[in-house]
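Residue-level listing of the chains:
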Amino acid sequence: ARTMAVRKTADLEKGIAISESDVAQYYQDNKDKFTHAERSRCSQIFLPASNERAERDKLKAQAEQLKDEINNGADFADLAIEHSKAPGAEDGGIIGWVQRGDLVGKLDETAFSLAEGEVSDVIESDQGFHIIKVEKKEAAGEATLDEVRKDIEPELRRAAAAEKFKKWMEDLRKRSKVQVFI
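Residues numbered from 1 in each chain as written. Predicted model: local features only at pLDDT ≥ 70, side-chain atom pairs only at ≥ 80, totals over all residues. Heavy atoms only, no water.

1. Details of the overall build of the protein chain
Each helix and strand in the protein chain was counted, giving six helices and six strands. In sequence order, the protein chain lays out its α and β elements as α-α-β-β-α-α-β-α-β-β-β-α. In terms of overall size, the protein chain is more extended than a compact globule, its C-alpha atoms giving a radius of gyration of 25 Å where 182 residues would be expected to give roughly 16 Å. When the 182 residues of the protein chain are sorted by exposure, 35% land in the buried category. Put simply, 68% of the contacts in the protein chain that link residues at least 6 apart link residues at least 24 apart. Summing over all exposed atoms, the protein chain offers an accessible surface of approximately 11,400 Å²; the carbon and sulfur share of this is 50%. Each charge class in the protein chain can be summarised by its mean position, and for the 30 positive and 37 negative side chains these summaries are 11 Å apart. (Helix = DSSP H or I, 4+ residues; strand = E, 2+ residues; numbered from the N terminus. Rg over C-alpha atoms; globule rule 2.2 N^0.38 Å. Buried < 20%, exposed > 50% of the residue type's maximum accessible area, 1.4 Å probe, protein only. Contact = heavy atoms within 4.5 Å. Areas by Shrake-Rupley, 256 points an atom, 1.4 Å probe, with all protein chains shown as cover. Lys, Arg positive; Asp, Glu negative; His and termini not counted. Charge placed at Lys NZ, Arg CZ, Asp CG, Glu CD.)

Below is the structure:
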C-alpha cells in the first residue's frame, strides 16, 4: 500500500501546474526562510600533524612550499587534490559555504577577512596546517525570488499533491470498504 501511495502521489505531482503568482506569494509569506547570515565559500589545503615537533616542522615547511607554488601561479584546486588530507580534497579542497562560527578560531577569522579569490598564509592549528582560499563571499541578506524559485516550486507541487492524495483517499473510502494500513 505504501508504494501505491508513493506512485499515486508522484502521478498527482506531474499534473500540478504551479503559477508564478503562487511562487511569489509563497516567497512573500515565508521571507524568514530565505534570509541568510553573512557567508563565505571556501576551499582549503590541510596537512594534518601530530604534536611531535620534528613532524610539525616538516609539514609546516611543506605547507609553506605549497603557498609559494600558489603565489607563483599554481592552481589551488590541483594542489588540494594532490596534497590535502581534508574531506573535500578530491573536489579541489572545497569546504563549501560557511557562516561565522562554523570554522574554528583563526580559520573562521580568515574565512571572513580575505577578499574573494584571496588565499591565506599558512595557518597553524592543533590539528595541523591549513591554507584557506575564499572563492566567493555574500553579505547577510535575503535570497532573491529568482535564487529560491527552484526550491519553492517543488515544495508547492509536493504540498498540492499531498492535498490531492488526501482527497483521493477520502473518495476511495467513501466508495468502498477500504481499510487503510499506513
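2. A closer look at the nonpolar core
With 16 residues, the main nonpolar core has V23, Y27, F34, V148, I152 and L156 as its most contacted residues. Among the secondary structure elements, those contributing two or more residues to this core are α1 (2–14), α2 (20–29) and α6 (145–175). Among the elements that take part in this core, α6 stands out by supplying seven residues, more than any other. Core analysis: the next-biggest nonpolar cluster, separate from the first, contains 14 residues, I45, A63, I70 and F129 among them. (Core = buried A, V, L, I, M, F, W, Y, C linked by side-chain atoms within 4.5 Å.)

3. Focus on the packing of aromatic side chains
According to the stated counting rule, one finds three aromatic pairs in the structure shown. Centre to centre, the rings of F165 and W168 are 5.6 Å apart; their planes meet at 35°, and the pair counts as tilted. Of the two residues, F165 and W168 both sit in helix α6, three residues apart, roughly one turn of that helix. By relative accessible area, which is 23% here, W168 ends up partly exposed. We note R39 situated over the ring of W97; from NZ or CZ to the ring centre the distance is 4.2 Å. (Phe/Tyr/Trp six-rings, centres within 6.5 Å; stacked < 30°, edge-to-face > 60°. Lys NZ or Arg CZ within 6 Å of the ring centre and 35° of its normal.)

4. A short note on the side chain of S125
Here S125 shows up in the loop between β4 (123–124) and β5 (128–138). Only 2.7 Å separates the side chain of S125 from the side chain of H130, close enough to count as a polar contact. If we ignore the near neighbours within four places in the chain, the residues touching S125 are R56 and H130. (Polar contact = N/O pair within 3.5 Å; in protein donor to acceptor, adjacent residues only side chain to side chain.)

5. What about α2?
Among all positions in α2, only V23, Y26 and Y27 are buried. Along the axis of α2, the buried residues cluster in a sector spanning 100°; they form a single face. Opposite the packed face of α2, turned more than 90 degrees from it, sit the exposed residues S21 and D29. In the core, the buried residues of α2 are packed alongside β6 (141–142) and α6. (Arc of directions from axis to C-beta.)

6. Notes on the sheet that holds strand β2 (residues 39–48)
Taken in spatial order, the four strands make up an open sheet running β3-β2-β5-β4, and their pairing is antiparallel. Where the open sheet ends on each side, the last strands, each with one partner, are β3 (94–99) and β4. Pairing of β2 with β5 involves 10 bridges; the strand directions are antiparallel. Of the residues in β5, the one forming a bridge with S43 is K133. (Pairing = 2+ DSSP bridges.)

7. Topic: the environment of E64
Structurally, E64 can be placed in helix α3 (residues 53–71). Residue classification places E64 among the partly exposed residues on the basis of a relative accessible area of 33%. Sequence separation between E64 and F129 is 65 residues, and the spatial gap between their C-alpha atoms is 9.4 Å.

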